[in-house]
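Close look at the chain arrangement
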Amino acid sequence: MPNLSQIKRKRMLEFLEKIKEEHKNDDEMLIALGEIESELNAKKYGLVWEEHEEKVDVQMRTHIPVFTEVKEREIAASPDKPYNFLLEGDNLHSLYLLEKTHKGKIDVIYIDPPYNTGGSDFRYDDTIVSKEDGFRHSKWISFMQCRLNIARKLLSENGVVFISVDDNEMAALLLLCDDIFGQENRVETIIWKNKYGAGAKTVGFISVHEYILCYSKKPIKDLTSELDEEGQAAYSKKDDKYSTRGGYLTQPLMTTSLGDRPNLVYDIEYNGDIITPRKQWVWSRERLEAAIQNDEVEFNKQKDGTYSVRAKKYLYDEFGNIRRGKPITIFNGPFTQDGTKEIREHFGTEDAFKFAKPSELIRRLIAFEINGISSKNAIVLDFFAGSGTTAQAVLEQNKRDGGNRKFILCTNNEQSICENVTYKRIANLSNGYGEREAIPTNLKYYRTDFVARDEEFLSDALLEHIAAMIQLEYGVKIDGSQYLMVMSDKEADELQKHFGEYNGVKALYVSKNVLLTTEQLKTFDGIEIHIIPDTYFKFELKEEGQAW
């Protein structure tokens, strides 16, 4: 495919030559043109690359991507729960469509893009990009830029994106993400020790780590991790609140480290003894007395007659939420060997998918709490889904904390990976496999199709794919029973006439061209009514002159 930057630069320089010839006797003009030419040829500071164009991008000039459901691959194992989605096709096309249904709605994005090692991991326009390719890095950056631009639009206001990368493109990706998400939204570069054992040898070093870049939609004030097993074990003491609050540990309530604060200097009475702090208390009198009343303070009389006064800190807070962990400096594991083991467990051989990330790694990432907001209801997107590790991470974290996270996975079907690996892994998780207990889930499987822009009845052709977009946006199944589409006034009349025959209708998805009557609105009272948005395909219809 053409090198767009090179083409643009060449065209501009050729045009400058024409202008120079026309003004060859004007010294002032020639000096100005010379400065412009120098700027065009100069190297810039920062991330500068040769812009490239992909076949999948060119294809959208003549065709409109759409989703078609592969109904025989539906998994419906968890009644009354929303659906997750597996999108087969080039992820650029899937992202293009997700922008119509999930703009500003994705809470967590995790991706593990090709590392561009110069081996066989990165294909660009169906060709493996080798180390000998002089545009190897610029192709990778072009490839990532267009996808990350859309990814940013998909993030919710408190959304975060995690991107796995190694040394091959770490520096370039950091600058690219600074440009797309803003350097002020760079949350952290996580160092992940991903191997145990000898690791890969470099000159004088052993390489046993990769990186995970984390960026947010807007600056984050607070991001906390879950409490790991070691941290939970510290809450070992028990009292009569154990069934609801779990174990507890204690923390001192007297301090000498705070600045002088007279309101924290006071006496309290316990068992007839007056207790005076060595310097001052950590809490105000009102808070400490309330804690004593709730049996959340321990008193221990020392040999010298003084008291040790300590607050009980329970594993679960009063709302049933587990305590958060300390700030993380490095992920020491889980390891790539764990990811390989999981593939072997699912498929009987590790050859089914090479270099799969361990699900525990992604599970830790999606468990973060952002600005005090739990991730329990997060929508998680992975548009380099590979073997489906992110699906496993989401399902296992939901099982762990009772969450209702949903996942959307995008992957191509090279060597039937989407059908035989990604889908099969999700089915295994839902049904149970080996000695692992089933985690029942719902899934819809979509395949990317295309509608030609010069289609005579373009609106009708696109209308055939509206149900797929509605299901994707709302996480439901248009089943003609609980969830119904109303596409014409005639259908609205028929539904009203027979509405008493329906049982348990939850939502109606109504075309904007349908004007529900007052009587119909009364009939459908208590039912969610959603107007099918113009944003699905109105832009494309406008481009082709079939909408206004």
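Since the structure is predicted, the reported quantities are computational estimates derived from the model, not experimental observations.

Describing helix H1 (residues 4-22)
Over its 19 residues, H1 runs 27 Å from end to end, which matches the ideal 27 Å to within 8%, given 1.5 Å per residue. Along H1, the residues that are buried comprise Ser-5, Leu-16, Ile-19 and Lys-20. Angularly, the buried residues of H1 cover 100 degrees about the axis, an arc narrow enough to put them on a single face. In H1, the exposed residues that point more than 90 degrees away from the buried face are Lys-10, Phe-15, Lys-18, Glu-21 and Glu-22. Each element contacted by the buried residues of H1 is listed here: helix H2 (27-41).

Considering the sheet that holds strand S13 (residues 248-252)
Pairing in this open sheet of three strands is antiparallel, and the strands run S13-S19-S18 from one edge to the other. Each edge of the open sheet is held by one strand with a lone partner, namely S13 and strand S18 (297-301). Sheet twist, expressed as the mean angle between neighbouring strand axes with direction ignored, is 35 degrees. Across five bridges, S18 lies against strand S19 (residues 307-314) in antiparallel orientation. Within S19, the position partnered with Val-297 by the bridge is Ala-311.

Topic: the packing of helix H10 (residues 336-347) against helix H13 (residues 417-431)
Taken N-terminus to C-terminus, the directions of H10 and H13 make an angle of 80 degrees; their axes are 10 Å apart at the nearest point. Our classification of the angle between H10 and H13 gives roughly perpendicular. Residues Glu-342, Ile-343, His-346 and Phe-347 of H10 form the contact with H13, whose participating residues are Asn-420, Val-421, Lys-424, Arg-425, Asn-428 and Leu-429. Taken together, the residues that form the contact of H10 with H13 break down as four nonpolar, three polar and three charged.

Quick notes on the pairing of strand S11 (residues 209-216)
Most of S11 is tucked away: seven of the eight residues are buried. Relative to S11, strand S8 (residues 186-193) runs antiparallel, the two being bridged by seven bridges. Residue Arg-186 lies in a different strand from S11, and its bridge partner there is Tyr-215.

Quick word on the layout of surface pockets
In this structure, the second largest pocket encloses a volume near 1200 Å³. Taken together, 41 residues make up the lining of the second largest pocket; nearest its centre are Ser-225, Glu-226, Leu-227, Asp-228 and Gly-325. For the lining of the second largest pocket, the secondary-structure elements that each account for two or more residues are helix H7 (229-233), S13, strand S20 (331-332), helix H11 (359-366) and helix H12 (389-401). Among the elements that make up the lining of the second largest pocket, the one with the highest residue count is H7 (four residues).

Rules behind the numbers
- Residues numbered from 1 in each chain as written.
- Predicted model: local features only at pLDDT ≥ 70, side-chain atom pairs only at ≥ 80, totals over all residues.
- Heavy atoms only, no water.
- Helix = DSSP H or I, 4+ residues; strand = E, 2+ residues; numbered from the N terminus.
- Expected span 1.5 Å × (residues − 1).
- Buried < 20%, exposed > 50% of the residue type's maximum accessible area, 1.4 Å probe, protein only.
- Arc of directions from axis to C-beta.
- Contact = heavy atoms within 4.5 Å.
- Pairing = 2+ DSSP bridges.
- Axes fitted to C-alpha atoms, helices over the stretch in contact; angles between N-to-C directions.
- Parallel < 35°, antiparallel > 145°, perpendicular 65-115°, else oblique.
- Nonpolar A, V, L, I, M, F, W, Y, C, P; charged D, E, K, R; others polar.
- 1 Å grid on protein atoms, 1.4 Å probe; cavity = no way out; pocket = protein on both sides within 12 Å on 5 of 7 lines; lining within 4 Å.
- Points joined across faces, edges and corners; volume = space filled by probe spheres on them.

Keep in mind that these numbers describe shape and distance, not what the molecule does.
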